[in-house]
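Secondary and tertiary structure notes
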Amino acid sequence: MTQLIAENDPMQPLKIAQMMLRTLIPAIIAAASMIAAPSFAQEAASTAESPAVSPSLPAIQLQGQTEFVTGGVGQDESEAMKKEGRAWPLMLEFAQTSDGRAQYLSDVQVTIKDKSGNTVLDATAEGPYMLIRLAPGRYSLDAIYESVTLHRHLKLEKGQNRKVVLVWPSQLREGQGQGQRNPE
(Lines give C-alpha, C1' and ligand atoms only; values in the text may rest on other atoms or scores of the structure.)
Protein backbone atom coordinates (compact mmCIF):
# COMPACT_ATOMS: atom_id res chain seq x y z
CA MET A 1 0.00 0.00 0.00
CA THR A 2 1.66 3.09 -1.18
CA GLN A 3 0.25 6.39 -0.13
CA LEU A 4 0.48 9.29 -2.48
CA ILE A 5 1.78 12.48 -0.98
CA ALA A 6 1.18 15.77 -2.73
CA GLU A 7 4.36 17.60 -3.63
CA ASN A 8 3.20 20.90 -2.18
CA ASP A 9 1.90 19.41 1.07
CA PRO A 10 3.61 21.21 4.03
CA MET A 11 3.31 18.00 6.09
CA GLN A 12 5.20 15.96 3.46
CA PRO A 13 8.38 15.31 5.52
CA LEU A 14 6.34 14.16 8.51
CA LYS A 15 4.15 11.89 6.39
CA ILE A 16 7.20 10.35 4.71
CA ALA A 17 8.79 9.68 8.12
CA GLN A 18 5.59 8.08 9.44
CA MET A 19 5.29 5.91 6.36
CA MET A 20 8.90 4.76 6.70
CA LEU A 21 8.42 3.97 10.39
CA ARG A 22 5.31 1.90 9.64
CA THR A 23 7.38 -0.11 7.18
CA LEU A 24 10.70 -0.26 9.04
CA ILE A 25 9.57 -0.97 12.61
CA PRO A 26 7.94 -4.34 11.80
CA ALA A 27 11.03 -5.27 9.72
CA ILE A 28 13.37 -4.33 12.59
CA ILE A 29 11.29 -6.31 15.08
CA ALA A 30 11.24 -9.34 12.78
CA ALA A 31 15.02 -9.15 12.28
CA ALA A 32 15.68 -8.76 16.01
CA SER A 33 13.49 -11.74 16.87
CA MET A 34 15.33 -13.87 14.30
CA ILE A 35 18.66 -12.90 15.83
CA ALA A 36 17.49 -13.46 19.42
CA ALA A 37 15.59 -16.71 18.79
CA PRO A 38 18.62 -19.02 18.41
CA SER A 39 20.29 -17.78 21.61
CA PHE A 40 16.99 -17.96 23.49
CA ALA A 41 16.42 -21.52 22.23
CA GLN A 42 19.96 -22.50 23.17
CA GLU A 43 19.55 -21.00 26.66
CA ALA A 44 16.23 -22.79 27.12
CA ALA A 45 17.77 -26.09 25.99
CA SER A 46 20.73 -25.78 28.37
CA THR A 47 18.36 -24.92 31.22
CA ALA A 48 16.22 -27.94 30.38
CA GLU A 49 19.28 -30.23 30.39
CA SER A 50 20.54 -29.14 33.78
CA PRO A 51 18.47 -30.18 36.76
CA ALA A 52 16.69 -27.63 38.89
CA VAL A 53 19.02 -26.67 41.68
CA SER A 54 17.67 -26.59 45.21
CA PRO A 55 18.74 -23.67 47.39
CA SER A 56 19.82 -26.27 50.00
CA LEU A 57 22.13 -28.00 47.51
CA PRO A 58 25.86 -27.18 47.63
CA ALA A 59 27.34 -25.50 44.56
CA ILE A 60 28.14 -27.57 41.49
CA GLN A 61 31.91 -27.84 41.04
CA LEU A 62 33.83 -28.55 37.86
CA GLN A 63 37.06 -30.51 37.51
CA GLY A 64 38.13 -30.79 33.89
CA GLN A 65 35.01 -32.04 32.09
CA THR A 66 33.51 -33.58 35.24
CA GLU A 67 30.76 -31.84 37.21
CA PHE A 68 30.21 -32.86 40.82
CA VAL A 69 28.47 -31.82 44.02
CA THR A 70 29.65 -32.86 47.44
CA GLY A 71 27.98 -32.38 50.81
CA GLY A 72 24.93 -33.58 52.67
CA VAL A 73 25.72 -32.18 56.10
CA GLY A 74 22.54 -31.23 57.95
CA GLN A 75 18.97 -32.36 57.32
CA ASP A 76 18.08 -29.89 54.54
CA GLU A 77 21.29 -30.40 52.58
CA SER A 78 21.12 -34.19 53.04
CA GLU A 79 17.54 -34.33 51.72
CA ALA A 80 18.45 -32.05 48.80
CA MET A 81 21.42 -34.27 47.88
CA LYS A 82 19.31 -37.45 48.00
CA LYS A 83 16.58 -35.88 45.89
CA GLU A 84 19.01 -34.38 43.36
CA GLY A 85 20.95 -37.66 43.20
CA ARG A 86 18.16 -39.19 41.11
CA ALA A 87 19.06 -36.80 38.28
CA TRP A 88 22.80 -37.54 38.24
CA PRO A 89 24.49 -40.55 36.61
CA LEU A 90 26.46 -41.41 39.77
CA MET A 91 25.74 -40.88 43.46
CA LEU A 92 28.23 -41.95 46.12
CA GLU A 93 27.34 -42.37 49.79
CA PHE A 94 30.03 -42.71 52.48
CA ALA A 95 29.62 -44.40 55.87
CA GLN A 96 31.54 -46.35 58.51
CA THR A 97 30.25 -49.07 60.78
CA SER A 98 30.40 -48.31 64.47
CA ASP A 99 28.81 -50.51 67.12
CA GLY A 100 26.85 -52.32 64.43
CA ARG A 101 25.45 -49.09 62.98
CA ALA A 102 26.53 -47.04 60.00
CA GLN A 103 27.62 -43.46 60.61
CA TYR A 104 27.97 -40.98 57.78
CA LEU A 105 31.45 -39.79 56.82
CA SER A 106 33.07 -36.78 55.22
CA ASP A 107 36.69 -36.09 54.20
CA VAL A 108 36.78 -39.13 51.93
CA GLN A 109 39.32 -38.81 49.10
CA VAL A 110 37.68 -39.92 45.84
CA THR A 111 39.59 -40.75 42.66
CA ILE A 112 37.80 -41.91 39.52
CA LYS A 113 39.63 -43.05 36.39
CA ASP A 114 38.23 -43.83 32.97
CA LYS A 115 38.89 -47.15 31.18
CA SER A 116 42.14 -45.70 29.74
CA GLY A 117 43.44 -44.90 33.23
CA ASN A 118 42.96 -41.14 32.91
CA THR A 119 41.87 -39.44 36.13
CA VAL A 120 38.48 -37.78 35.57
CA LEU A 121 37.90 -36.80 39.21
CA ASP A 122 40.20 -36.39 42.20
CA ALA A 123 38.32 -34.63 45.01
CA THR A 124 37.60 -34.78 48.73
CA ALA A 125 34.01 -35.35 49.84
CA GLU A 126 32.74 -32.54 52.06
CA GLY A 127 29.93 -34.68 53.41
CA PRO A 128 28.40 -38.14 53.14
CA TYR A 129 27.22 -37.67 49.53
CA MET A 130 28.87 -36.95 46.21
CA LEU A 131 26.96 -36.54 42.95
CA ILE A 132 29.04 -36.95 39.81
CA ARG A 133 28.15 -36.30 36.19
CA LEU A 134 30.12 -38.72 34.01
CA ALA A 135 29.59 -39.91 30.44
CA PRO A 136 28.41 -43.49 30.01
CA GLY A 137 31.30 -45.94 30.20
CA ARG A 138 33.53 -47.99 32.48
CA TYR A 139 35.39 -46.43 35.39
CA SER A 140 37.44 -47.42 38.42
CA LEU A 141 36.79 -45.77 41.77
CA ASP A 142 39.12 -45.49 44.74
CA ALA A 143 37.75 -43.98 47.94
CA ILE A 144 40.18 -43.46 50.83
CA TYR A 145 39.18 -42.79 54.43
CA GLU A 146 41.70 -42.94 57.30
CA SER A 147 44.24 -44.70 55.05
CA VAL A 148 41.80 -47.47 54.10
CA THR A 149 41.00 -47.69 50.38
CA LEU A 150 37.79 -49.12 48.99
CA HIS A 151 37.93 -49.96 45.28
CA ARG A 152 35.00 -50.39 42.89
CA HIS A 153 34.61 -51.00 39.17
CA LEU A 154 31.76 -48.96 37.72
CA LYS A 155 29.75 -49.30 34.55
CA LEU A 156 27.56 -46.28 33.84
CA GLU A 157 24.88 -46.57 31.18
CA LYS A 158 23.11 -43.79 29.31
CA GLY A 159 19.94 -42.59 31.00
CA GLN A 160 20.53 -44.57 34.18
CA ASN A 161 21.40 -43.45 37.69
CA ARG A 162 23.77 -45.47 39.80
CA LYS A 163 24.09 -45.24 43.58
CA VAL A 164 27.18 -46.71 45.22
CA VAL A 165 27.28 -47.00 49.00
CA LEU A 166 30.80 -47.27 50.41
CA VAL A 167 30.98 -48.54 53.99
CA TRP A 168 34.28 -48.74 55.85
CA PRO A 169 34.63 -51.18 58.74
CA SER A 170 35.15 -49.67 62.18
CA GLN A 171 38.82 -49.20 62.97
CA LEU A 172 40.52 -49.87 66.29
CA ARG A 173 42.51 -46.76 66.93
CA GLU A 174 46.00 -46.98 68.32
CA GLY A 175 45.95 -47.34 72.10
CA GLN A 176 42.32 -48.59 72.16
CA GLY A 177 40.88 -52.07 72.32
CA GLN A 178 41.27 -55.12 74.49
CA GLY A 179 44.61 -56.69 75.19
CA GLN A 180 46.70 -53.64 74.38
CA ARG A 181 48.97 -52.40 77.08
CA ASN A 182 51.55 -49.70 77.25
CA PRO A 183 55.06 -51.19 77.10
CA GLU A 184 57.05 -50.63 80.24
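On a predicted model such as this, the values are computed, not experimentally measured, just so you know.

1. Regarding the overall build of the chain
A count of helices and strands for the chain gives two helices and 10 strands. Reading the secondary structure of the chain in the N-to-C direction produces α-β-β-α-β-β-β-β-β-β-β-β. With 184 residues in all, the chain has 28% of them scored as buried. Here the analysis covers contacts within the chain between residues at least 6 apart in sequence; of these, 53% occur between residues at least 24 apart.

2. Some points on the packing of aromatic side chains
This structure, assessed with the given rule, holds three aromatic pairs. Geometrically, the ring pair formed by Tyr-104 and Tyr-129 is tilted, given 5.7 Å between the ring centres and 55° between the ring planes. Here Tyr-129 lies in strand 7 (residues 129-133) and Tyr-104 lies in strand 4 (residues 101-104), a separation of 25 residues in the sequence. Through a chain of ring-to-ring contacts, the aromatic side chains of Phe-94, Tyr-145 and Trp-168 assemble into a single cluster. The ring of Trp-88 is capped by Arg-133, whose NZ or CZ atom sits 4.0 Å from the centre of that ring.

3. A few points about the sheet that holds strand 9 (residues 148-156)
The strands that make up a sheet pair up through hydrogen bonds in the backbone, lying either parallel or antiparallel. On the basis of which strands lie adjacent, the open sheet formed by four strands has the order 6-5-8-9 and antiparallel pairing. Unpaired on one side and paired on the other, strand 6 (119-124) and strand 9 mark the two borders of the sheet. Taking each pair of neighbouring strands and ignoring which way they run, the sheet shows an average axis angle of 15°.

4. As for the confidence of the model for the chain
Scored by pLDDT, the chain comes out at a mean of 78, with 64% of its residues at no less than 70. Low pLDDT, under 50, characterises residues 30-52; the stretch is placed with five contacts to residues that sit more than four places away or in other chains.

5. Quick look at the pattern of salt bridges
If you walk through the whole model with that rule in mind, you get four salt bridges. One salt bridge in this structure joins Glu-67 and Arg-133, with 2.7 Å as the shortest N-O distance. Highlighted residues: Glu-67 in strand 2 (residues 66-71) and Arg-133 in strand 7, separated in sequence by 66 residues. Of the charged contacts in the structure, one is a salt bridge between Lys-163 and Glu-93, with a shortest N-O distance of 3.0 Å. With Lys-163 in strand 10 (residues 162-168) and Glu-93 in strand 3 (residues 90-98), the pair connects residues that are 70 residues apart, well separated along the chain.

Rules behind the numbers
Residues numbered from 1 in each chain as written. Predicted model: local features only at pLDDT ≥ 70, side-chain atom pairs only at ≥ 80, totals over all residues. Heavy atoms only, no water. Helix = DSSP H or I, 4+ residues; strand = E, 2+ residues; numbered from the N terminus. Buried < 20%, exposed > 50% of the residue type's maximum accessible area, 1.4 Å probe, protein only. Contact = heavy atoms within 4.5 Å. Phe/Tyr/Trp six-rings, centres within 6.5 Å; stacked < 30°, edge-to-face > 60°. Lys NZ or Arg CZ within 6 Å of the ring centre and 35° of its normal. Pairing = 2+ DSSP bridges. Axes fitted to C-alpha atoms, helices over the stretch in contact; angles between N-to-C directions. pLDDT = per-residue confidence, 0-100. Salt bridge = Lys/Arg side-chain N within 4 Å of Asp/Glu carboxyl O.

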